[in-house]
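Take a look at the letters that make up each chain.
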Amino acid sequence: MRRTKSLPRHRFSVNSIVFLSGFLFLACDAVHAKSRLQAADESIPIKLPTMLADAGDTGVSGQKPAASEDSNSNNAEACEAFKKDKDADLGKVLEAGCTPTTAQMSALMDNPIGNVAMMFNQLDMYRMEEPDSGHTEDQYNYMMLFQFPKKLNNDWNLINRVILNIPSVPLDQDKIDDFDLDYGTGPGATPTPPTDMPLPAELFSGRTNGFGDTYYVGLFAPSEPTRLGNGAKFLWGLGFDLGLDTASEDILGAGKYTAGPAALAVYMGDTFKGGALVQHYWDYAGDDDRDDVNMSNIQYLYYWGLSDTMSIGAGPNVIINWEQDSDNRYTVPVGMGINKTFQFGKIPVRIGVEYFYSVVQPDDVVGSKWDVRFYVIPAAPSALFSWMQ
């Protein structure tokens, strides 16, 4: 049964989204800069870490204030002590005027609900297969994901994830329109082909690029993890997801506004880390002529640490499209990859590659046969940003 459209359909250009993202970043940076200047004016005795510029450490004459040898010695001892603790509270590290180590930042980035701001730059290359004809083509999706925490009180944080997509689909929108087919791209760059027929082979002779749908995930999580008897941590969060119909072409989005529940559970040991982020999407408004959205996206993860800054493992996405029949409902990938956290100047950056093969694929409709994923993730402790506190 189709739902009545209750919200207008909007089209946003890529330039508009990039401009908006840049504006929000600059606005947040301006707030942060203002708070730093106010702190300097009020002579709050907190040194800025070396991963930030030393502005504010100089006096009116441009000379840095002299410090006693005892003070410098005590600060150096404190920094050395912090360096030995991979799981040190980076807020306290920064307050002491010390710089987090690459190993500390890597450990913080492993924590999906940690006090860290990250910008995921992720490129997926999918090998798509049309089972009826055996025809294969490559589909691409660039995902930019902004993740940052917001402190609600001493016990709870809200973990925010804003997800922008730029897909490249091996189908021509004009030909899709000529055949009067409903083919789109759902959450996680998942193809949503018609439920009642295979795609004609001649549709695979073009390509459509542009902006995809935009998603938000909010997770309410305890500010402190649960400590287990073996010293490991158990992390969890509960929340919701929202999907906005921002695709520049029908084929690049679902044509719907969606919402649903989200949940996260992760085990973090000294070497092994594993868990899952479970999301579900139902449509509640959008284009009446498009298929309903009733889809689950389960990203399960498993990683083993080879060193303090390098891991092997993967985070594949299991897709369940409940609008399809049982033979075409599931896409279940497994895989392996490697990642390492580097220090580029004053910014820690994680770089990784992962490969997935779908051990379960749709029998009669287009689906993902395999996927290669590349990602680059710069990060910073949330303690650096006053608006996240």
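Residues numbered from 1 in each chain as written. Predicted model: local features only at pLDDT ≥ 70, side-chain atom pairs only at ≥ 80, totals over all residues. Heavy atoms only, no water.

Q: Talk me through the overall build of the protein; I want residue IDs and the actual numbers.
A: When helices and strands are counted, the protein shows 5 helices and 17 strands. Every one of the 389 residues in the protein was classed for burial, and the buried ones make up 44%. Long-range pairs, those at least 24 residues apart, make up 63% of the contacts in the protein with a sequence separation of at least 6. (Helix = DSSP H or I, 4+ residues; strand = E, 2+ residues; numbered from the N terminus. Buried < 20%, exposed > 50% of the residue type's maximum accessible area, 1.4 Å probe, protein only. Contact = heavy atoms within 4.5 Å.)

Q: Would you mind going over the nonpolar core in detail, with residue names and values included?
A: Core analysis: the largest hydrophobic core is formed by 34 residues, its most contacted members being Val116, Met118 and Leu219. Ignoring sequence-local partners within four residues, the contact set of Met118 consists of Met109, Leu145, Phe146, Gln147, Ile377, Pro378 and Ala379. (Core = buried A, V, L, I, M, F, W, Y, C linked by side-chain atoms within 4.5 Å.)

Q: An account of helix α4 (residues 102-110) is needed here, citing residue identities and associated values.
A: For the α-helix, the turn length of 3.6 residues means that residues three or four positions removed from each other point alike. Within α4, 7 of the 9 residues are buried, which leaves the element mostly enclosed by the surrounding structure. When we look at burial in α4, the residues that qualify are Ala103, Gln104, Met105, Ser106, Ala107, Leu108 and Met109.

Q: So, the packing of aromatic side chains: which residues are in play, and what are the values?
A: Evaluated as defined, the whole model comprises 13 aromatic pairs. Between Tyr267 and Phe272, the aromatic rings sit 6.5 Å apart at their centres with planes inclined by 35°, giving tilted as the arrangement. Accessibility expressed as a relative area gives 29% for Tyr267, which makes it partly exposed. Cluster of aromatic residues (ring-pair linked, three or more members): Tyr267, Phe272, Tyr300, Tyr302 and Trp304. Geometry around Phe342 places Lys340 over its ring, the cationic atom sitting 5.7 Å from the centre. (Phe/Tyr/Trp six-rings, centres within 6.5 Å; stacked < 30°, edge-to-face > 60°. Lys NZ or Arg CZ within 6 Å of the ring centre and 35° of its normal.)

Q: Explain the pattern of salt bridges to me, using residue names and the numbers behind them.
A: Scanning the model with the defined rule gives 8 salt bridges in all. As a salt-bridge pair, Lys273 and Asp110 come within 3.6 Å of each other at their nearest N and O atoms. Placement of Lys273 in strand β11 (residues 272-286) and of Asp110 in helix α4 is noted, with a sequence separation of 163 residues between them. (Salt bridge = Lys/Arg side-chain N within 4 Å of Asp/Glu carboxyl O.)

Q: Lay out the side chain of Asn328 in plain terms, naming residues and giving numbers.
A: By the element assignment, Asn328 lies in the loop between β14 (317-321) and β15 (330-344). Here the side chain of Asn328 touches Asp364 through a polar contact of 2.6 Å, landing on its backbone nitrogen. Apart from the residues lying within four places of it in its own chain, the contact partners of Asn328 are Pro362, Asp363, Asp364 and Val365. (Polar contact = N/O pair within 3.5 Å; in protein donor to acceptor, adjacent residues only side chain to side chain.)

Q: Describe the environment of Met295, and please don't skip the residues or the numbers.
A: Inspection of the secondary structure puts Met295 in strand β12 (residues 294-305). Assessed through its relative accessible area of 2%, Met295 is described here as buried. Here the alpha-carbon distance between Met295 and Ile319, two residues 24 residues apart in the chain, equals 7.3 Å.

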